[in-house]
Amino acid sequence: MSIPAIKTENLRKEFGTQAAVKGLTLQVEQGEVFGFLGPNGAGKTTSIKMLLGLVAPTSGTGALLGAPLGDRAALARIGFLPEHFRFQEWLTANEFLELHGELLGMDSRSLYLRRDELLERVGLIEFRHKQLRTFSKGMLQRIGLAQALMNHPALVFLDEPTSGLGPCWAQACA
Ligand SMILES: Nc1ncnc2c1ncn2[C@@H]1O[C@H](COP(=O)(O)OP(=O)(O)OP(=O)(O)O)[C@@H](O)[C@H]1O
Ligand SMILES: [Mg+2]
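To start, this report covers the structure provided alongside it. (Residues numbered from 1 in each chain as written. Chains lettered and ligands numbered in written order. Predicted model: local features only at pLDDT ≥ 70, side-chain atom pairs only at ≥ 80, totals over all residues. Heavy atoms only, no water.)

**Quick notes on unusual backbone geometry**
The line we're drawing: Each helix is a run of DSSP H or I of at least 4 residues and each strand a run of E of at least 2, with the numbering of both proceeding from the N terminus. Here the term buried applies to any residue with accessible area under 20% of the maximum for its type, exposed to any over 50%, and partly exposed to those in between, with areas from a 1.4 Å probe on protein chains only.
Look at histidine 152: it is not a glycine, yet its phi comes out positive at around 50°. With respect to the element layout, histidine 152 can be found in the loop between helix 5 (137-148) and strand 6 (155-158). In this structure, glutamate 160 takes a positive phi of about 60° despite not being glycine. Topologically, glutamate 160 is positioned in the segment after strand 6. Residue glutamate 160 is classed as partly exposed on the basis of its relative accessible area of 36%.

**Digging into the coordination of the magnesium ion (ligand 2)**
Perfect tetrahedral coordination of a metal by four donors corresponds to 109.5 degrees between them, and perfect octahedral coordination by six donors corresponds to 90 or 180 degrees. The line we're drawing: Note: metal donors comprise N, O and S atoms at 2.8 Å or less from the metal (3.2 Å for Na, K and Ca); water molecules are not included, so apparent gaps in a site are possible.
Bound to the magnesium ion (ligand 2) on the protein side are Thr45 (OG1) and Glu83 (OE), at distances that span 2.0 to 2.6 Å. Note that threonine 45 is positioned in helix 1 (residues 44-51) and glutamate 83 in the loop between strand 5 (78-81) and helix 3 (93-103), a separation of 38 residues in sequence. Taking the relative accessible area as the measure of exposure, glutamate 83 reaches 34% and is therefore partly exposed.

**Here's the deal with the pattern of salt bridges**
Short version of the rule: In the sections that follow, a salt bridge refers to a side-chain nitrogen of Lys or Arg positioned within 4 Å of a carboxyl oxygen of Asp or Glu.
Across all of its chains, the model carries five salt bridges by this definition. The partner of glutamate 14 in a salt bridge is arginine 12, and the shortest N-O contact between them spans 2.8 Å. Judged by relative accessible area, glutamate 14 falls into the partly exposed class, the value being 31%. In this structure arginine 12 comes out as partly exposed when scored by relative accessible area, which is 27%. Between arginine 115 and glutamate 98 there is a salt bridge, with its nearest N and O atoms 2.4 Å apart. One end of the pair, arginine 115, is in helix 4 (residues 108-121); the other, glutamate 98, is in helix 3, with 17 residues separating them in the sequence. Glutamate 98 matches arginine 115 in its accessibility class, with the two residues each being buried. Among the ionic contacts, a cluster of salt bridges with common partners joins Glu98, Arg115, Asp116 and Arg128.

In structure tokens, the structure reads:
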């Protein structure tokens, strides 16, 4: 039996007197695609942020890829597309992916290879020299998806992955 990708036990988050997540117990196996559905304000984003070590749980425990929440070695193996990405809009698509590759500690050869592979994959190769401030909402979402996959992550968190995407894009349109 392999180590679960995600495991939580009674994770809870309170903001002041309000409980945003009321005891999340969950196990997701490696190789599984797990969709997290719920009404607005249900606590989906807060749960993801707790798993990523961005929000401290009020109580409960969890593990990613067998390591306790917040473990830096495990986080280096993870990709993340935030719900509200603060893009560095003055960068070109190329520069944006290069920056994230550098932040991930990738060597320049694999970084450039992966950058080009992902720009192709999300259908933005022809816009590689354009600044992100000129991108439409869906184009920003696609470059955000590429960013989340830069480090060949073992586990990817996509918060609202289809937001802004058209019905048909990249290879799906070919
Ligand atoms: N930093 C914060 N401070 C105070 N309250 C917060 C904070 N972040 C989230 N909340 C509250 O926690 C609850 C859960 O919010 P969260 O963003 O996790 O919901 P969600 O399920 O992702 O919603 P949506 O579908 O709209 O993205 C909401 O009531 C929200 O107002
Ligand atoms: Mg959300």
